[in-house]
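Descriptive analysis of the structure
What follows is the residue order along each chain.
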Amino acid sequence: MNNIKRNDQGYLTDFSQWTKEVGEEIAKEQNIEMTDKHWEVISYLQDKHTKEEALSIRGIKKSGIINIKEFYNLFPGGPLKKSTMIAGIPKPKSCI
Amino acid sequence: MKNLVILGAGTSGTMMANHLVSKLSKKEWKITIVDQYKTHYYQPGFLFLPFDIYTTKQVKKKGKKFIPKGVRYVQEKIELIKPKKNEVHLEHGETIDYDILIIATGTKIAPEEIDGMKGPKWHKNIFDFYTYEGAKSLRNKLREWKGGKLAIHITEMPIKCPVAPLEFAFLADSYFVNKGMRDKVEISFVTPLDGAFTKPKATKALHYLLEEKGIKEVTDFNIESIDYENNKMLDYSGKEVEYDLLVTVPTNLGDEVIERSGLGDDMNFVPTDKATLQSKAHENIFVIGDATNLPASKAGSVAHFEAEILTENIMRHIEGKPLKEEFDGHANCFIETGNGKALLIDFNYTHEPVEGTFPFLGVGPLNLLKESRMNHMGKLAFRWIYWNMLIKGTHIPFVSATMTEKGKKIEEQKV
């Protein structure tokens, strides 16, 4: 993990450095124990990121992978901000 | 004769008609623009209308005025786009063939997406300000409102002009101070993101504004429904926000015609190449402004910069030349901070807004990411520029389509 570049808030600054082990470590910091369902969501998010498509709660709802309640249960607190950190991609942002 | 068809006569479509009419050979090309609405709104003015800063007359004009001679203007609803046949079908049965299609159908609010939002309290104590009707009815409400809990709320991203809700909060603070009733109003800013500001430099430079104005942040709030009888918003994790007056930015979706035609993503935005503005699915379809799925802000300034690059790429497409991969996501926006002051931000796909001067190095006269009266004057002056230069396709001096790093405190950083 020492060589992995992360910003002040803990997000990876270079997605190419992401591995499943890196995701696992970040999940531990968030006190999240990863299951197959977690990884399914992570792959979906990474796929969206690679295609440069915006992430939204609505998109998750339409993805067919998970409903929003489950999404909250898997990543309690801020599901999008936590799951994106584990996925090694930037959190959803506004323009400022 | 070949046909170039523009769908939508808002900011983007009108600019494209004006740019292309002087570029395309009249002997070879016929330009048609289709839009069902007669009125062209100055949408940035919807921010000012609720506070009686602008009048209704200042934010709307007849759309026809801005469509240049030589362009056929069809005022009818678009029923369907058939990309395999290169056809656009209109509501009353007319079919328009195209050789090149420009989609500029924008985005609109969809309050029906959230249970309880567009119910009996819509435009009673739940308002939007992203439509003329919403902004006007909110103005009438604010004129008589006696105070209480004001919640300013973003449903989900992406939204048009992402800073507008924040500007609304700042202007609301000033408005109630001026009315001598600020102590009677609690203002909260409710967002699904992790802060009212989400980028490091802006947070550092501007977070004081929220503290100074006594605006409470409620973050990571993903709304599930509104209990309009008890004046509460509920989120998926069980959190609640109470309000007496709710000013919300509902889900923003692309136009239904995009969905009907099978051309959109989850939110009816058209997948578009972010550097060339060509649609990803069809090489003779180009997309501009809010209708795209680009990771840029949905804002008039972005559309303005896109229009310059798209005009060139349309010409290149016609001449069979490779398209220019030039659009960098450039946006340049004034942000009202209340008390007659404003900020200016300038950024693109990869650079977050930074401090500095604009447009000239060290001179300005406008300051980036810093409050000033000059910036506020700039924002007010922009209404004139919009009606008289921008949508008519006149180049605005010193403002380039791609972002310049001159005059900015740019560090090695990527957003």
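Within each chain, residue numbers correspond to sequence positions counted from 1 in written order. For naming, the first written chain is A and the first written ligand is 1, with later ones following in the order written. In view of the model being predicted, local features appear only for residues whose pLDDT reaches at least 70, and side-chain atom pairs are presented and counted only at 80 or more, with totals across whole chains, interfaces and linings using the full set of residues.

**Quick word on the overall build of chain B**
Counting from the N terminus, the helices are DSSP H or I runs at least four residues long and the strands are E runs at least two residues long. Along chain B, the regular secondary structure elements total 7 helices and 24 strands. The quantity called the radius of gyration is restricted to C-alpha atoms. Its globule counterpart is 2.2 Å times the number of residues to the power 0.38. For 415 residues, the compact-globule formula gives about 22 Å, and the C-alpha radius of gyration of chain B, at 21 Å, lands near that figure. Burial analysis of chain B (415 residues in total) assigns 49% to the buried set. Each residue is represented by a C-beta atom placed from its backbone, and any two residues with such atoms within 7 Å are regarded as in contact. Sequence-distant contacts, at least 24 apart, represent 66% of the contacts inside chain B between residues at least 6 apart. Residues are called buried when their C-beta atom has 20 or more other C-beta atoms within 10 Å, exposed when it has 12 or fewer, and partly exposed otherwise; all C-beta atoms are positioned from the backbone.

**Details of the nonpolar core**
Each nonpolar core comprises buried Ala, Val, Leu, Ile, Met, Phe, Trp, Tyr and Cys residues, the members being joined through C-beta atoms within 7 Å. With 123 residues, the main nonpolar core has Met16(B), Ile102(B) and Ile288(B) as its most contacted residues. For Ile102(B), the contacting residues outside a window of four places in its chain are Ile6(B), Leu7(B), Met16(B), Phe286(B) and Ile288(B). Among the nonpolar cores identified, the runner-up in size contains 17 residues, and Val41(A), Ile42(A), Leu55(A) and Ile60(A) belong to it.

**Quick notes on the interface of chain B and chain A**
Each partner contributes to the interface: chain B provides 29 residues, whereas chain A provides 21 residues. For the side of chain B that touches chain A, the secondary structure elements donating two or more residues are helix H4 (200-212) and strand S22 (341-347) of chain B. The residue makeup of the side of chain B that touches chain A, split by class, is 16 nonpolar, 6 polar and 7 charged. Gly is placed with the polar residues, together with every amino acid not listed as nonpolar (Ala, Val, Leu, Ile, Met, Phe, Trp, Tyr, Cys and Pro) or charged (Asp, Glu, Lys and Arg).

**Some remarks on the confidence of the model for chain A**
Residue-level confidence of the predictor is what pLDDT reports, using numbers from 0 through 100. With 100% of its residues at a pLDDT of 70 or more, chain A shows a mean pLDDT of 90. The least confident element of chain A is helix H3 (residues 57-63) of chain A, whose mean pLDDT is 81; the most confident is helix H1 (residues 20-29) of chain A, at 96.

**Some points on the domain arrangement of chain B**
Where the parts come together, the accessible area they lose is often given as the size of the interface. All names here are of chain B. According to the domain assignment, chain B consists of domain 1 (2-106 + 255-319), domain 2 (111-251) and domain 3 (328-415). For the purposes of this description, domain bounds are those given by an automatic or database domain assignment. Taking only C-alpha atoms, the centre of domain 1 and the centre of domain 3 are 25 Å apart. Listed by partner, the interface residues are 22 residues for domain 1 and 15 residues for domain 3. Residue assignment for the side of domain 1 that touches domain 3 shows that the elements contributing at least two residues are helix H1 (11-21) and helix H6 (300-319). The leading source of residues in the side of domain 1 that touches domain 3 is H6, at 6 residues. For the side of domain 1 that touches domain 3, a count of residues per class yields 11 nonpolar, 9 polar and 2 charged.

**Here we look at the sheet that holds strand S5 (residues 71-74) of chain B**
All names here are of chain B. In this scheme, strands are said to pair when DSSP sees at least two bridges between them. Ordered in space as S5-S2-S1-S9-S20, the 5 strands form an open sheet in which the pairing is parallel. The strands lining the two open edges of the sheet, one partner per strand, are S5 and strand S20 (285-287). Strand-to-strand twist in this sheet, taken as the mean axis angle between neighbours without regard to direction, amounts to 20°. Where strand S1 (residues 2-7) meets strand S2 (residues 29-34), 6 bridges bridge the pair, whose relative direction is parallel. Its bridge partner lying in S2, Leu7 is registered against Val34. Between N-to-C directions, angles span 0 to 180 degrees; the directions come from axes that are lines fitted to C-alpha atoms, helices contributing only their stretch in contact. Each of S1, S2, S5 and strand S9 (100-103) touches H1; the most contacted strand, S2, lies at about 165° to it.

**Notes on the pairing of strand S24 (residues 364-368) of chain B**
All names here are of chain B. In the sheet, strand S23 (residues 356-360) pairs with S24 via 5 bridges, with the strands oriented antiparallel. Along S24, the bridge assignment pairs Phe358 with Leu366. Adjacent in sequence and paired antiparallel, S23 and S24 are bridged by 3 residues, among which Gly362 carries a positive phi angle near 70°.

**Looking at the pairing of strand S21 (residues 331-338) of chain B**
All names here are of chain B. With 8 of 8 residues buried, S21 is to be regarded as a mostly interior element. Neither face of S21 is open: one carries Ala331, Cys333, Ile335 and Thr337, the other Asn332, Phe334, Glu336 and Gly338, and all of them are buried. Of the strand pairs in this sheet, S21 and S22 are connected by 7 bridges, and their pairing is antiparallel. Note on S22: the bridge partner recorded for Gly338 is Lys341. Here S21 folds back onto S22, and the loop between the two strands holds 2 residues, one of which, Asn339, carries a positive phi near 55°.

**Some points on the packing of H1(A) against helix H5 (residues 79-87) of chain A**
Residues and elements named next belong to chain A. Two elements in contact, H1 and H5, have axes whose closest approach is 7 Å; the angle formed by their N-to-C orientations is 145°. Listed contacts from H5 to Gly23, Ile26 and Ala27 of H1 are Met85, Ile86 and Ala87. Partitioning the contact of H1 with H5 into residue classes produces 5 nonpolar, 1 polar and no charged.

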